[in-house]
Amino acid sequence: MGRTVLVTGAARQLSGRFMRHILRGPGVDRVVGVDSRPPVRPLGEAEFVRADIRQPSIVTVLAEHAVDTVVHLDVHGTPGSSGGGRAGVKEVNVLGTLQLLGACQKVPGLRRVVIKSSTQIYGTAARDPAVFDENTPPRAPAAGGFPRDVAEIEAYARGFERRCPDVAVTVLRFAHVLGPAADSRLAAYFRLPVLPTLLGYDPRLQLVHEDDMLEVLTRAVAEPGSQGALGAGTFNVAGAGVLLLSQAARRIGRPTVPVAHPLAPWLGSALGALGIRGISAEQLRSLTHGRVVRTARLTEAMGGPLAYTTPETFAAFAATHGPGALPPDAVGRWVDRIGEVLRRG
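Quick caveat: nothing in here was measured; it's all calculated off a predicted structure. (Residues numbered from 1 in each chain as written. Predicted model: local features only at pLDDT ≥ 70, side-chain atom pairs only at ≥ 80, totals over all residues. Heavy atoms only, no water.)

S.K.: What is the right way to read the sheet that holds strand β2 (residues 28–35) from this model?
M.R.: Remark on secondary structure: sheet strands pair via backbone hydrogen bonds, oriented parallel or antiparallel. The 7 strands lie next to each other as β3-β2-β1-β4-β5-β6-β11, forming an open sheet whose pairing is parallel. Each edge of the open sheet carries a strand with a single partner, namely β3 (47–50) and β11 (233–237). Strand-to-strand twist of the sheet, defined as the mean angle between neighbouring strand axes without regard to direction, takes the value 20°. In the sheet, strand β5 (residues 112–118) pairs with strand β6 (residues 168–174) via 7 bridges, with the strands oriented parallel. Bridge assignment links valine 114 to a residue of β6, and that residue is threonine 170. Helix α1 (residues 13–24) rests against β1 (3–8), β2, β3 and β4 (69–72) of the sheet, and its axis sits at about 165° to β2. (Pairing = 2+ DSSP bridges. Helix = DSSP H or I, 4+ residues; strand = E, 2+ residues; numbered from the N terminus. Axes fitted to C-alpha atoms, helices over the stretch in contact; angles between N-to-C directions. Contact = heavy atoms within 4.5 Å.)

Structure below.
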């Protein structure tokens, strides 16, 4: 018999795609989506239960549907459409995870738990390693904001793993997710008409395509021992290659406005308070140095690299959301003309 998979955060676009995706594959008979608000788009043959993972009633949902696999995707870096601000995001991320794992502990038939995390757990500081791997001690708690959220989420996951050694726990540390329909902090940032940057800094970016995210999640819920199944453990998830922020801005045709470092927190807070998505004090702080992670563990488990590299992922995003005020083709023609004029004297 196939398994029953419960997915949190079902109202989000990528969660809905994932639920429809695994129902089309083998080994899963039933998918149950849970969220505190109804999904905007149909979930296909998946079931939907309106429930809040922060409430004790979530254990009843797990038991009544005989869930054996939980995929926790209700982890977000920005407020949803229902608002709530940063405090609301933290409550869902941290308290929601704590309550969910407490409920999982009470379900005897549970066999797998998959948790969405982020490479932002490594932080971003001048003295950080050039490349992080899964064994690098997280330094994010001091940074606050979303990096601290994922650090606390992973701490709860480790505690759950110790208390329930018979349950396989997989933690997926995703780099920034981009793609034509991605709804992430970085996607909102690159949709701005002008990109604020920190004066004197050009951070490195690593990306993962939303289609690759679905594939990795599917491998994470696959039966252990099957080809390409990830199994238990912690995995960095990112496309091969690196982009500098300046390169990304040119490729999507967005002008940049450098901001002095002492003014960045004030500017980010002011723009965030005005409801401008994609920019905040936390976002500007994360774009100071950037981070790069090794993905050898994921590549070995999957039997090969992800389908999209970081540059290819950004190209797919730019094809939908660009060009901006400075289209790369037009800028290239202007540069060529200026060069021709200078050569002719």
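S.K.: Looking at this model, I keep getting lost on the packing of aromatic side chains. Mind explaining?
M.R.: Working definition: an aromatic ring pair is given by the centre-to-centre distance plus the angle between the planes. In total, this model carries 4 aromatic pairs according to the counting rule given. Residues phenylalanine 190 and phenylalanine 314 carry aromatic rings whose centres are separated by 5.0 Å and whose planes lie at 75° to one another, so their mutual orientation is edge-to-face. Placement of phenylalanine 190 in helix α5 (residues 185–190) and of phenylalanine 314 in helix α11 (residues 310–321) is noted, with a sequence separation of 124 residues between them. According to the relative accessible area criterion, phenylalanine 190 is buried, its value standing at 0%. Residue class for phenylalanine 314 comes out buried when judged on its relative accessible area of 2%. Considering the side-chain rings of phenylalanine 314 and phenylalanine 317, the 6.1 Å spacing of their centres and the 45° angle between planes classify their relative orientation as tilted. Placement of the pair is phenylalanine 314 and phenylalanine 317 together in helix α11, with a separation of 3 residues, close to one helical turn. Residue classification places phenylalanine 317 among the buried positions, given a relative accessible area of 0%. Members of the aromatic cluster, joined through ring pairs, are Tyr189, Phe190, Phe314 and Phe317. (Phe/Tyr/Trp six-rings, centres within 6.5 Å; stacked < 30°, edge-to-face > 60°. Buried < 20%, exposed > 50% of the residue type's maximum accessible area, 1.4 Å probe, protein only.)

S.K.: How should the packing of α1 against helix α6 (residues 210–221) be read in this particular structure?
M.R.: Axis angle and axis distance: for two packed helices, these are the angle between their axes and the distance between the axes, and together they describe the pair. The N-to-C vectors of α1 and α6 enclose an angle of 50°; their axes lie 10 Å apart at closest approach. Between α1 and α6, the crossing angle belongs to the class labelled oblique. As α1 runs across α6, the sense of the crossing is right-handed. Judged by residue contacts, Gln13, Leu14, Arg17, Phe18, His21 and Ile22 of α1 engage Glu210, Asp211, Met213, Leu214, Glu215, Leu217, Thr218 and Val221 from α6. Its residues placed into classes, the contact of α1 with α6 shows 7 nonpolar, 3 polar and 4 charged. (Parallel < 35°, antiparallel > 145°, perpendicular 65-115°, else oblique. Left-handed = near helix turned anticlockwise from the far one by under 90°. Nonpolar A, V, L, I, M, F, W, Y, C, P; charged D, E, K, R; others polar.)

S.K.: Before we go on, may I ask you to explain the nonpolar core in this structure?
M.R.: Generally speaking, nonpolar side chains in soluble globular proteins are found buried as a group. Membership of the largest hydrophobic core comes to 36 residues, with the highest contact counts inside it found for Val34, Val70, Leu110, Val113 and Phe160. Elements represented by at least two residues in this core include exactly β2, α2 (58–64), α3 (85–104), β5, α4 (145–163) and β6. Take this core: its biggest share by element is 6 residues, from α4. Not counting the four nearest positions on each side in its chain, valine 113 is found in contact with Val70, Leu101, Cys104, Phe160, Val167, Ala168, Val169 and Thr170. Counting residues in each nonpolar core, the second largest holds 31 residues, with Leu14, Leu172, Leu230 and Phe235 among its members. (Core = buried A, V, L, I, M, F, W, Y, C linked by side-chain atoms within 4.5 Å.)

S.K.: Can you walk me through the pairing of β1 in this structure?
M.R.: Along any regular strand, the residues point their side chains to alternate faces of the sheet. Among the 6 residues of β1, 6 are classified as buried, and the element is accordingly described as predominantly covered. As defined by bridge partners, β1 adjoins β2 across 6 bridges and the pair is classed as parallel. The partner of valine 5 across the bridge, within β2, is valine 31. Read from β1 through α1 to β2, the crossover connection turns out right-handed. (Right-handed = clockwise from strand over helix to strand, strands pointing away.)

S.K.: Would you mind going over the packing of helix α7 (residues 245–252) against α11 with me for this structure?
M.R.: Between α7 and α11, the shortest axis-to-axis distance is 9 Å and the interhelical angle comes to 35°. Relative to α11, α7 is oriented so that their crossing is right-handed. Only Pro311, Phe314, Phe317, Ala318 and His321 of α11 make contact with α7, whose side of the interface consists of Ala248, Arg251 and Ile252. In the contact of α7 with α11, the residues fall into 6 nonpolar, 1 polar and 1 charged.

S.K.: Looking at this model, I keep getting lost on helix α8 (residues 264–273). Mind explaining?
M.R.: For an α-helix the count is 3.6 residues per turn, leaving residues at separations of three or four pointing the same way. Buried within α8 we find Ala264, Gly268 and Leu271. Down the axis of α8, the sector holding all buried residues measures 70°, keeping them to one side. What points out from α8, more than 90 degrees from its buried face, is the exposed set Trp266 and Ala273. Elements that come into contact with the buried residues of α8 comprise β8 (195–198), β13 (256–259) and α9 (281–286). Backbone geometry just downstream of α8 places glycine 275 in the positive-phi region, at approximately 85°. (Arc of directions from axis to C-beta.)

S.K.: So what exactly am I meant to see when it comes to the environment of threonine 4 here?
M.R.: Among the structural elements, threonine 4 can be located in strand β1. Note on threonine 4: relative accessible area 11%, which makes it buried. Here the alpha-carbon distance between threonine 4 and threonine 60, two residues 56 residues apart in the chain, equals 15 Å. Setting aside chain neighbours within four positions, we find threonine 4 in contact with Arg30, Val32, His65, Ala66, Val67, Asp68 and Thr69.

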